[in-house]
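Take a look at the letters that make up each chain.
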Amino acid sequence: MSVPRVVAVAPGSPAARAGVAEGDEILTVNGEMPRDLIEWRMLVDEPHVVLDIRRGTLAETSLAVDKQAGEPLGVEVHSALFDRVRTCDNHCEFCFIYQLPPGLRRSLYLKDDDYRLSFLYGNFTTLTRFTEADLERVVTEGLSPLYVSIHATDPEVRSELLRNRRGATSLRWLRALLDHGVEVHGQVVVCPGVNDGAVLDDTLAGVLDRYPELASLCIVPLGVSRYNREARMRPHTRSEAEAVVEAVDDWQSVFLSALGRRLVFAGDEYYLLAGRPFPPAETYGDFSMHEDGIGMARAFEAELLLGSRRNVHENARIPSASVHISECGAAMEPAPHDRGGFFRWADGDLSKSVDSEYEPYRTVRSPEQTEQSVQLSPRKDAPVAILTAPYGAQVLEPLVAQLGRPEVRLVPVENRYFGGNIAVSGLMVGEDLQRVLLDQPSGHRYLLPDVCLSQGRFLDGTGPEDLPHPVEVVPTTGAALRDALGLVTS
Ligand code: SF4
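Residues numbered from 1 in each chain as written. Predicted model: local features only at pLDDT ≥ 70, side-chain atom pairs only at ≥ 80, totals over all residues. Heavy atoms only, no water.

### Here we look at the overall build of the protein chain
Phase 1: The number of helices and strands found in the protein chain is 14 helices and 13 strands.
Phase 2: Across the 490 residues that make up the protein chain, the buried fraction comes to 60%.
Phase 3: The contacts in the protein chain between residues at least 6 apart in sequence include a share of 71% that link residues at least 24 apart.
Phase 4: On the protein chain, roughly 18800 Å² of surface is accessible, and the fraction owed to carbon and sulfur atoms is 51%. (Helix = DSSP H or I, 4+ residues; strand = E, 2+ residues; numbered from the N terminus. Buried < 20%, exposed > 50% of the residue type's maximum accessible area, 1.4 Å probe, protein only. Contact = heavy atoms within 4.5 Å. Areas by Shrake-Rupley, 256 points an atom, 1.4 Å probe, with all protein chains shown as cover.)

Have a look at this one:
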């Protein structure tokens, strides 16, 4: 168990006025030791807060903070969890952590399966380690929504997919969560030849029959890197992707007629793989699954071409950094302003540091943060190159063509670092960007989506400053790209 350590104090905030300083260790809040950010937030929400702190080698001291009830304390702490993260006890064939290159930061290899991170950051949990006490806390503290990996509703298939006997029974917790009115979003990572086809139909029938209260269910394809060692795991063929799109379409009709809502959605990536147009924007409702790669392309299109600012980002879960290699799935480009970006499994804790497993979760990516990474730019009227992964290029190509701006071009960046079918911008790394940029002219503006960065670093540990040309790091939204291109919103 660690204690919260202050990493930033907002100037002029109640904490600053009370004398809280960066580096302070918070031993207790109103006499209690918070276990995690959830408890921390509840404790510091009070109008009168007493912090017992330790500062360097000085003796412990108390600081009293008076503020309005609900007024932010103005303190950022180092971690989301002060006790240990609950790690995953599954061994999924499709797990992307097993497909990582060697030599990355140690923390990137951590598999978490912690419902608190599901609540805080939208990470998917399989519930195989969920307990009665967890259920009680979720219900009493109102930890909703949560995000649950389903993969299959058939007990045997699910336990086989998770390679964990508890996978056969842990969806009983999903039923319990729904019974208590908790909002739950589900996910199915489809592995071709394993849980597609008849198994996917059976899963969707099982959802309708046993979990119809699910808020949504996203169907995403697995990602396969060149480090994959699982013989059964392979990318979808085009016809397999078409079959998934058709199955989801059919099941949307069934859910619409039975429940009055679509409930199930295919990840945008499936439409690219199948060569099919994306569904109309209105079918995505409030874009509540935007961060899981559902409806991103349509949202991006509306923002870029029409200047529409949909509420998709307001619906966003708290973003953690950009790449969280944990819950496996896949997603789409362009990514939202979020933790996840493209590959859902690659959402979040890119920045997990070696000294603290959960430090990345303290921060929220913001335009202010990304602007810190902006290097000196060429002239504003210089030709513009948008750096993007192959899937991003597929989405952006027709949109950029409609801008009528011949000086704006796309520069697709093949992902040789991960290889396989990895083609999302969230997993672009410095090594690949360097290779591509070396062939590009100087003096142009190079726009880089921020989804591939976490706290200014790519997954391979390099940063924008290591690239051969200056880049402008732009939030990965259509609105931000529109602003960067100087398009006027009427
Ligand atoms: S995919 Fe998720 S649940 Fe499966 S082994 Fe990896 S981290 Fe665990």
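### Regarding the pattern of salt bridges
Side chains that differ in sign of charge can pair as their charged atoms come close.
Phase 1: Going through the model one piece at a time under the given rule, you end up with 27 salt bridges.
Phase 2: With a shortest N-O distance of 2.9 Å, Arg 116 and Asp 83 are connected by a salt bridge. One end of the pair, Arg 116, is in helix H3 (residues 115-121); the other, Asp 83, is in the loop between strand S5 (75-77) and H3, with 33 residues separating them in the sequence.
Phase 3: Exposure remark for Arg 116: the relative accessible area of 5% places this residue in the buried category.
Phase 4: In this structure, the salt-bridge partner of Asp 89 is Arg 166, at a minimum N-O distance of 2.1 Å. Here Asp 89 is found in the loop between S5 and H3, whereas its partner Arg 166 is found in the loop between helix H5 (155-162) and helix H6 (171-179), with 77 residues between them in sequence. (Salt bridge = Lys/Arg side-chain N within 4 Å of Asp/Glu carboxyl O.)

### Side note on the sheet that holds strand S2 (residues 25-29)
Phase 1: Spatial strand order, S2-S3-S4: 3 strands in an open sheet with antiparallel pairing. The sheet is open, and its two borders are formed by S2 and strand S4 (61-66), each paired with just one other strand. Going from strand to strand, the sheet's axes swing by 35 degrees on average, the running direction of each strand aside.
Phase 2: In terms of strand pairing, S2 meets strand S3 (residues 48-54) through 4 bridges, oriented antiparallel. Pairing of Thr 28 across the sheet is with Asp 52, part of S3. (Pairing = 2+ DSSP bridges. Axes fitted to C-alpha atoms, helices over the stretch in contact; angles between N-to-C directions.)

### Comments concerning helix H7 (residues 197-210)
Phase 1: Taking 1.5 Å of rise per residue, 14 residues should cover 20 Å, and H7 covers 20 Å from first to last C-alpha, within 8% of that figure.
Phase 2: Listing the buried residues of H7 in full gives Leu 200, Thr 203, Leu 204, Gly 206 and Val 207. Taken around the axis of H7, the buried residues stretch over an arc of 155 degrees, which confines them to a single face. Facing away from the buried side of H7 by over 90 degrees, the exposed positions are Ala 198 and Asp 209.
Phase 3: Looking at the buried side of H7, the elements it contacts are strand S7 (184-190), strand S8 (216-221), helix H8 (238-259) and strand S9 (264-266). (Expected span 1.5 Å × (residues − 1). Arc of directions from axis to C-beta.)

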